[in-house]
Amino acid sequence: GDEFSQDLRYSFGTPDDNVSGVVGFFYGDFSLPRNSLVQSTGITVQELTSDDSTTSTSVYADIRWRFADRFSLIAGGRYTREKVQEQAQGQSFFVPIDVNETSDFSVFLPRLGLVYDLSEFETVSYLASRGYRSGFIEIANGEVNSVDPEFLDSLEVSYKAVSPDNTWSFAATAFHSTYRDKQI
């Protein structure tokens with residue numbers, strides 16, 4: 001298929017600054033043309049020509065604010081708009097298919113966390129964030145179905161350490177994730 005994507009971002013500050021982070025813009029245009037032929041014992045069960053396309057735009061920011069000697073607040077988010085289109089012609093399970101469907105999705109995905117510096121070389125953090133997998137249109141058993149987006153709410157606790165001479169590092173993270181409208 002055809003793919004084009006561009007991610008423009010601006011980073012500012014360093015982790016040692018009071019404020020640091022990144023802001024950006026993403027654009028992606030993806031297309032997947034397909035030809036599907038399924039036969040069983042000489043009988044054509046499915047013969048489809050299709051083109052799936054997705055156009056996605058996002059703006060995002062992730063900011064770290066050191067508000068006390070050893071504490072930092074991490075806050076950010078991503079706003080995404082997607083247009084998903086399915087065009088298909090042919091037959092599936094002996095049912096004629098002529099589809100030109102479009103679905104639009106808009107979503108805001110927040111991220112919030114707290115980081116505590118145990119020392120110059122060790123940190124612990126707690127982060128909450130939301131993830132997203134876009135919805136889509138599928139053709140199955142001769143039927144056209146619109147599938148809702150999938151969401152993931154994630155909580156994480158982490159510990160990170162680096163040696164004073166920067167020769168080794170260690171990181172451990174525990175996650176708890178909750179899915180909504182899981183796509184299977």
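Please read all numbers here as calculations on a predicted model, not as lab measurements.

S.K.: Can you help me understand the sheet that holds strand β6 (residues 122–133) in this one?
M.R.: Strand pairs in the sheet, formed through backbone hydrogen bonds, run parallel or antiparallel to each other. In spatial order, the strands read β1-β2-β3-β4-β5-β6-β9-β10; together these eight strands make up an open sheet with antiparallel pairing. Both outer strands of the open sheet, β1 (2–12) and β10 (169–180), are each paired with one neighbouring strand and no more. Here the strands of the sheet are splayed against their neighbours by 15° on average, with no regard to which way each runs. Pairing of strand β5 (residues 95–117) with β6 involves seven bridges; the strand directions are antiparallel. Bridge pairing links Arg 111 to Ser 129 in β6.

S.K.: It is not clear to me how the environment of Ser 163 should be interpreted in this structure. Could you clarify?
M.R.: Positionally, Ser 163 belongs in the loop between β9 (150–162) and β10. When its relative accessible area of 2% is taken as the criterion, Ser 163 is described as buried. When the C-alpha positions of Ser 163 and Phe 121 are compared, they lie 6.6 Å apart, and in sequence the two are 42 residues distant. Apart from the residues lying within four places of it in its own chain, the contact partners of Ser 163 are Phe 121 and Trp 168. Among the polar contacts made by the side chain of Ser 163, one reaches the side chain of Asp 165 at a distance of 2.7 Å.

S.K.: Even after reading the chapter, I still don't get the packing of aromatic side chains, so can you show me in this structure?
M.R.: Within a pair of aromatic rings, the relevant descriptors are the distance that separates the centres and the angle that separates the planes. Counted according to the given criterion, the structure contains seven aromatic pairs. Here Tyr 132 and Phe 151 contribute two aromatic rings whose centre-to-centre distance is 5.6 Å and whose plane-to-plane angle is 50°, an arrangement assigned as tilted. Taken together, the residues span a long stretch of sequence, with Tyr 132 in strand β6 and Phe 151 in strand β9 at a distance of 19 residues. Using a relative accessible area of 11% as the deciding quantity, one classes Phe 151 as buried.

S.K.: Sorry if this is basic, but what is going on with the environment of Arg 64 here?
M.R.: When you line up the elements, Arg 64 lands in strand β3 (residues 43–66). Exposure remark for Arg 64: the relative accessible area of 22% places this residue in the partly exposed category. Apart from the residues lying within four places of it in its own chain, the contact partners of Arg 64 are Asn 18, Val 19, Ser 20, Ser 72, Leu 73, Ile 74, Val 115 and Asp 117. At 3.4 Å, the side chain of Arg 64 forms a polar contact with the side chain of Ser 72.

S.K.: I tried to follow the confidence of the model for the protein on my own but got confused; where do I start?
M.R.: Low pLDDT marks stretches whose predicted atomic positions should not be read closely. Per-residue confidence for the protein averages 92 on the pLDDT scale, and 99% of its residues sit at or above 70. The least confident element of the protein is strand β7 (residues 136–140), whose mean pLDDT is 78; the most confident is β9, at 97.

S.K.: Please clarify how the nonpolar core should be interpreted in this entry.
M.R.: Within soluble globular proteins, side chains that are nonpolar tend to cluster in buried spots. Within the largest apolar cluster, five residues are counted, these being Leu 48, Ala 88, Ile 97, Val 99 and Ile 139. Ignoring any residue separated from it by four or fewer positions in sequence, one finds Val 99 in contact with Glu 86, Gln 87, Ala 88, Gln 89, Ile 139 and Val 144.

S.K.: Even after reading the chapter, I still don't get the pattern of salt bridges, so can you show me in this structure?
M.R.: Side-chain pairs of opposite charge can arise where the charged atoms are in close proximity. A complete count under the given rule lists six salt bridges for this structure. Two residues, Arg 34 and Asp 52, come together in a salt bridge whose shortest N-O distance is 2.5 Å. One end of the pair, Arg 34, is in strand β2 (residues 19–40); the other, Asp 52, is in strand β3, and 18 residues separate them in sequence. When the shortest N-O distance is used, the salt bridge between Arg 66 and Asp 117 registers 2.7 Å. Taken together, the residues span a long stretch of sequence, with Arg 66 in strand β3 and Asp 117 in strand β5 at a distance of 51 residues. For Asp 117, a relative accessible area of 13% corresponds to the buried category.

The rules we used
- Residues numbered from 1 in each chain as written.
- Predicted model: local features only at pLDDT ≥ 70, side-chain atom pairs only at ≥ 80, totals over all residues.
- Heavy atoms only, no water.
- Pairing = 2+ DSSP bridges.
- Helix = DSSP H or I, 4+ residues; strand = E, 2+ residues; numbered from the N terminus.
- Axes fitted to C-alpha atoms, helices over the stretch in contact; angles between N-to-C directions.
- Buried < 20%, exposed > 50% of the residue type's maximum accessible area, 1.4 Å probe, protein only.
- Contact = heavy atoms within 4.5 Å.
- Polar contact = N/O pair within 3.5 Å; in protein donor to acceptor, adjacent residues only side chain to side chain.
- Phe/Tyr/Trp six-rings, centres within 6.5 Å; stacked < 30°, edge-to-face > 60°.
- pLDDT = per-residue confidence, 0-100.
- Core = buried A, V, L, I, M, F, W, Y, C linked by side-chain atoms within 4.5 Å.
- Salt bridge = Lys/Arg side-chain N within 4 Å of Asp/Glu carboxyl O.

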